Amino acid sequence: DQQVKQNSPSLSVQEGRISILNCDYTNSMFDYFLWYKKYPAEGPTFLISISSIKDKNEDGRFTVFLNKSAKHLSLHIVPSQPGDSAVYFCAASQSFSGNTPLVFGKGTRLSVIA
Amino acid sequence: DTGVSQDPRHKITKRGQNVTFRCDPISEHNRLYWYRQTLGQGPEFLTYFQNEAQLEKSRLLSDRFSAERPKGSFSTLEIQRTEQGDSAMYLCASSWGDRVLDGYTFGSGTRLTVV
(Lines give C-alpha, C1' and ligand atoms only; values in the text may rest on other atoms or scores of the structure.)
Protein backbone atom coordinates (compact mmCIF):
# COMPACT_ATOMS: atom_id res chain seq x y z
CA ASP A 1 0.00 0.00 0.00
CA GLN A 2 1.52 3.29 -1.13
CA GLN A 3 1.37 5.69 1.80
CA VAL A 4 2.94 8.53 -0.21
CA LYS A 5 1.63 9.01 -3.73
CA GLN A 6 2.96 11.09 -6.57
CA ASN A 7 0.39 10.51 -9.27
CA SER A 8 2.12 12.39 -12.08
CA PRO A 9 5.08 10.37 -13.38
CA SER A 10 6.30 13.29 -15.47
CA LEU A 11 5.88 17.02 -16.02
CA SER A 12 7.22 19.37 -18.71
CA VAL A 13 7.52 23.09 -18.12
CA GLN A 14 8.93 26.00 -20.11
CA GLU A 15 11.98 27.73 -18.70
CA GLY A 16 10.97 30.72 -16.58
CA ARG A 17 7.49 29.36 -15.81
CA ILE A 18 6.26 27.82 -12.57
CA SER A 19 6.64 24.09 -11.92
CA ILE A 20 4.12 22.54 -9.55
CA LEU A 21 4.77 19.02 -8.28
CA ASN A 22 2.08 17.31 -6.24
CA CYS A 23 2.10 14.69 -3.51
CA ASP A 24 -0.70 13.00 -1.57
CA TYR A 25 -0.44 10.83 1.51
CA THR A 26 -2.75 8.40 3.21
CA ASN A 27 -1.22 7.99 6.67
CA SER A 28 -2.71 10.63 8.99
CA MET A 29 0.19 10.05 11.41
CA PHE A 30 2.61 11.75 9.03
CA ASP A 31 3.55 15.19 10.34
CA TYR A 32 6.87 15.92 8.61
CA PHE A 33 7.40 16.17 4.88
CA LEU A 34 10.46 16.56 2.71
CA TRP A 35 11.22 16.99 -0.97
CA TYR A 36 14.27 15.50 -2.63
CA LYS A 37 15.72 15.99 -6.10
CA LYS A 38 17.58 13.24 -7.95
CA TYR A 39 19.82 13.49 -11.00
CA PRO A 40 20.77 10.35 -12.95
CA ALA A 41 23.59 8.31 -11.40
CA GLU A 42 23.43 10.34 -8.18
CA GLY A 43 21.70 9.85 -4.87
CA PRO A 44 18.69 11.99 -3.91
CA THR A 45 19.52 15.47 -2.62
CA PHE A 46 17.46 17.14 0.10
CA LEU A 47 15.64 20.28 -1.07
CA ILE A 48 13.13 21.58 1.46
CA SER A 49 10.95 20.37 4.32
CA ILE A 50 7.81 21.34 6.21
CA SER A 51 6.10 20.27 9.42
CA SER A 52 2.36 19.99 9.86
CA ILE A 53 2.21 23.05 12.13
CA LYS A 54 2.93 25.19 9.06
CA ASP A 55 1.17 25.43 5.72
CA LYS A 56 4.02 26.99 3.76
CA ASN A 57 7.79 27.02 3.73
CA GLU A 58 10.02 28.91 1.29
CA ASP A 59 13.64 28.59 0.33
CA GLY A 60 14.67 30.74 -2.59
CA ARG A 61 12.91 29.55 -5.73
CA PHE A 62 11.37 26.59 -3.91
CA THR A 63 8.15 26.74 -1.87
CA VAL A 64 6.34 23.82 -0.29
CA PHE A 65 2.65 24.08 0.57
CA LEU A 66 0.89 21.69 2.93
CA ASN A 67 -2.87 21.10 3.19
CA LYS A 68 -3.12 18.71 6.11
CA SER A 69 -6.89 18.31 5.95
CA ALA A 70 -6.60 17.20 2.32
CA LYS A 71 -3.44 15.17 3.01
CA HIS A 72 -1.81 16.99 0.12
CA LEU A 73 1.40 18.88 -0.41
CA SER A 74 2.95 20.56 -3.39
CA LEU A 75 6.35 21.90 -4.40
CA HIS A 76 6.46 25.10 -6.44
CA ILE A 77 9.58 26.08 -8.36
CA VAL A 78 9.62 29.66 -9.63
CA PRO A 79 11.13 30.45 -12.06
CA SER A 80 11.96 27.04 -13.46
CA GLN A 81 15.44 26.58 -14.90
CA PRO A 82 16.87 23.84 -17.16
CA GLY A 83 19.08 22.67 -14.27
CA ASP A 84 15.91 21.83 -12.34
CA SER A 85 15.30 18.93 -14.71
CA ALA A 86 15.44 15.89 -12.43
CA VAL A 87 13.23 13.40 -10.61
CA TYR A 88 11.56 14.86 -7.53
CA PHE A 89 10.57 12.67 -4.59
CA CYS A 90 8.17 13.51 -1.82
CA ALA A 91 8.90 11.86 1.55
CA ALA A 92 7.10 11.73 4.88
CA SER A 93 7.76 10.81 8.50
CA GLN A 94 5.73 10.45 11.71
CA SER A 95 8.57 11.41 13.99
CA PHE A 96 10.26 14.81 14.53
CA SER A 97 13.35 13.06 15.81
CA GLY A 98 13.42 10.69 12.86
CA ASN A 99 12.81 7.53 14.87
CA THR A 100 10.64 6.29 12.02
CA PRO A 101 12.38 6.25 8.62
CA LEU A 102 11.25 8.40 5.73
CA VAL A 103 8.64 6.93 3.39
CA PHE A 104 9.09 8.01 -0.22
CA GLY A 105 6.74 8.41 -3.16
CA LYS A 106 7.53 7.07 -6.63
CA GLY A 107 8.76 10.40 -7.92
CA THR A 108 7.87 12.86 -10.68
CA ARG A 109 10.28 13.50 -13.55
CA LEU A 110 10.44 17.23 -14.27
CA SER A 111 11.71 18.43 -17.62
CA VAL A 112 12.36 22.15 -17.98
CA ILE A 113 12.49 23.12 -21.63
CA ALA A 114 14.65 26.05 -22.68
CA ASP B 1 34.13 15.81 4.48
CA THR B 2 33.34 14.13 1.18
CA GLY B 3 29.76 13.18 2.00
CA VAL B 4 28.36 9.64 1.99
CA SER B 5 30.51 7.17 0.05
CA GLN B 6 29.34 3.85 -1.32
CA ASP B 7 31.42 1.08 -2.75
CA PRO B 8 31.28 -0.42 -5.31
CA ARG B 9 29.29 1.83 -7.66
CA HIS B 10 28.30 -1.12 -9.81
CA LYS B 11 28.18 -4.86 -9.17
CA ILE B 12 27.22 -7.61 -11.59
CA THR B 13 26.82 -11.04 -10.04
CA LYS B 14 25.48 -14.41 -10.98
CA ARG B 15 22.31 -15.66 -9.39
CA GLY B 16 23.07 -17.57 -6.20
CA GLN B 17 26.25 -15.67 -5.37
CA ASN B 18 26.68 -13.55 -2.25
CA VAL B 19 27.44 -9.84 -2.50
CA THR B 20 28.50 -7.23 0.05
CA PHE B 21 28.23 -3.46 -0.24
CA ARG B 22 29.94 -0.85 1.89
CA CYS B 23 28.76 2.57 3.03
CA ASP B 24 30.86 5.25 4.71
CA PRO B 25 28.57 7.91 6.22
CA ILE B 26 29.37 11.51 7.09
CA SER B 27 31.62 11.13 10.10
CA GLU B 28 29.57 13.09 12.63
CA HIS B 29 26.27 11.47 11.63
CA ASN B 30 24.99 8.92 14.12
CA ARG B 31 22.20 7.47 11.98
CA LEU B 32 22.69 5.37 8.89
CA TYR B 33 19.98 4.09 6.57
CA TRP B 34 19.82 1.58 3.74
CA TYR B 35 17.22 1.98 1.00
CA ARG B 36 16.62 0.13 -2.24
CA GLN B 37 15.31 1.71 -5.44
CA THR B 38 14.05 -0.09 -8.51
CA LEU B 39 13.15 1.44 -11.87
CA GLY B 40 10.16 3.75 -11.66
CA GLN B 41 9.91 3.48 -7.88
CA GLY B 42 10.95 5.65 -5.01
CA PRO B 43 13.52 4.62 -2.43
CA GLU B 44 12.21 1.76 -0.30
CA PHE B 45 13.38 1.50 3.30
CA LEU B 46 15.42 -1.59 4.25
CA THR B 47 17.01 -0.94 7.63
CA TYR B 48 18.62 1.70 9.82
CA PHE B 49 21.19 2.08 12.57
CA GLN B 50 21.71 4.52 15.36
CA ASN B 51 25.40 4.29 16.14
CA GLU B 52 26.08 0.53 16.09
CA ALA B 53 22.56 -0.54 17.03
CA GLN B 54 20.26 -1.76 14.27
CA LEU B 55 16.94 -0.18 15.31
CA GLU B 56 14.56 -1.19 12.57
CA LYS B 57 14.32 -3.61 9.67
CA SER B 58 11.64 -3.54 7.00
CA ARG B 59 9.15 -6.40 7.17
CA LEU B 60 9.79 -6.79 3.45
CA LEU B 61 13.46 -7.53 4.05
CA SER B 62 14.26 -11.15 3.26
CA ASP B 63 16.37 -13.24 5.64
CA ARG B 64 18.95 -13.30 2.87
CA PHE B 65 19.73 -9.66 3.66
CA SER B 66 21.90 -8.68 6.62
CA ALA B 67 23.45 -5.40 7.62
CA GLU B 68 26.05 -4.41 10.16
CA ARG B 69 27.55 -1.23 11.47
CA PRO B 70 30.47 -2.20 13.67
CA LYS B 71 31.68 0.54 16.02
CA GLY B 72 29.03 2.89 14.65
CA SER B 73 31.13 3.95 11.69
CA PHE B 74 30.87 2.36 8.22
CA SER B 75 28.16 -0.14 7.38
CA THR B 76 27.95 -3.23 5.20
CA LEU B 77 24.91 -4.74 3.53
CA GLU B 78 25.20 -8.39 2.50
CA ILE B 79 22.83 -10.25 0.24
CA GLN B 80 23.17 -14.03 0.27
CA ARG B 81 22.08 -16.32 -2.57
CA THR B 82 21.19 -13.41 -4.83
CA GLU B 83 18.08 -13.59 -7.01
CA GLN B 84 17.21 -11.65 -10.15
CA GLY B 85 14.63 -9.72 -8.15
CA ASP B 86 17.44 -8.28 -6.04
CA SER B 87 18.62 -6.23 -9.02
CA ALA B 88 18.24 -2.61 -7.90
CA MET B 89 20.07 0.51 -6.79
CA TYR B 90 21.05 0.21 -3.12
CA LEU B 91 21.22 3.60 -1.46
CA CYS B 92 22.86 4.48 1.82
CA ALA B 93 22.06 7.66 3.71
CA SER B 94 23.14 9.22 6.98
CA SER B 95 21.81 11.90 9.30
CA TRP B 96 22.49 13.61 12.59
CA GLY B 97 19.71 11.90 14.37
CA ASP B 98 17.31 14.16 16.17
CA ARG B 99 15.66 16.37 13.56
CA VAL B 100 14.02 14.72 10.57
CA LEU B 101 13.34 18.06 8.88
CA ASP B 102 17.07 18.46 8.19
CA GLY B 103 16.84 15.47 5.87
CA TYR B 104 19.17 12.61 5.12
CA THR B 105 22.34 12.84 3.04
CA PHE B 106 22.39 10.09 0.44
CA GLY B 107 25.31 8.45 -1.28
CA SER B 108 25.37 7.83 -5.03
CA GLY B 109 24.32 4.23 -4.55
CA THR B 110 25.49 0.77 -5.61
CA ARG B 111 23.77 -0.60 -8.69
CA LEU B 112 23.38 -4.38 -8.44
CA THR B 113 22.63 -6.49 -11.49
CA VAL B 114 21.93 -10.18 -10.93
CA VAL B 115 22.27 -12.27 -14.10
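Everything below is about the structure shown above.
Worth saying up front: this structure is predicted, and the values here are computed from it rather than measured.

Conventions and cut-offs
- Per chain, residues are indexed from 1 in the order of the written sequence.
- Following the order in which they are written, the chains are lettered starting with A and the ligands numbered starting with 1.
- Where local features are concerned, this predicted model is filtered to residues with pLDDT of at least 70; where side-chain atom pairs are given and counted, the filter is 80 or more; whole-chain, interface and lining totals use all residues.
- No hydrogens and no water enter the side-chain calculation; it runs on all heavy atoms of the structure.
- We call two residues in contact when some of their heavy atoms are within 4.5 Å.
- Simply put, the buried area is the total loss of 1.4 Å probe accessible area from both parts when two parts are fitted together.
- Definition of a polar contact: a pair of N or O atoms within 3.5 Å, with one able to donate and the other able to accept a hydrogen when the atoms are protein atoms, and with sequence-neighbouring residues admitted only if both atoms are side-chain atoms.
- For the purposes of this entry, the term helix denotes a DSSP run of H or I that reaches at least four residues, the term strand denotes a run of E that reaches at least two, and both are numbered from the N terminus.
- The residue classification treats Ala, Val, Leu, Ile, Met, Phe, Trp, Tyr, Cys and Pro as nonpolar and Asp, Glu, Lys and Arg as charged. All others, Gly included, are polar.

All right, on to the interface of chain A and chain B then. When the parts come together, some accessible area is lost, and that loss is often what is quoted as the size of the interface. Taken together, the contacts link 26 residues of chain A with 24 residues of chain B. Note on chain A versus chain B: buried area summed over both sides is about 1,900 Å², and carbon and sulfur give 58% of it. It is Phe96, Pro101 and Phe104 of chain A in chain A that bury the most area against chain B; as a group they hold 26% of the surface buried on that side. Linking chain A with chain B are 10 residue pairs in polar contact (both at pLDDT 80 or more). Listing elements by their share of the side of chain A that touches chain B, those giving two or more residues are strand 4 (32–38), strand 5 (45–51) and strand 9 (86–93) of chain A. For the side of chain A that touches chain B, the leading source of residues is strand 4 of chain A, giving 5 residues. Along the lines of polarity and charge, the residues of the side of chain A that touches chain B split into 13 nonpolar, 10 polar and 3 charged.

Take unusual backbone geometry next. Of the consecutive residues valine 78 of chain A and proline 79 of chain A, the connecting peptide bond is found in the cis state with omega at -15 degrees. Looking at the element boundaries, proline 79 of chain A is found in the loop between strand 8 (72–77) and strand 9. With a phi close to 60 degrees, lysine 71 of chain B is a non-glycine residue in the positive phi region. Tracing the backbone shows lysine 71 of chain B in the loop between strand 7 (65–68) and strand 8 (75–79).

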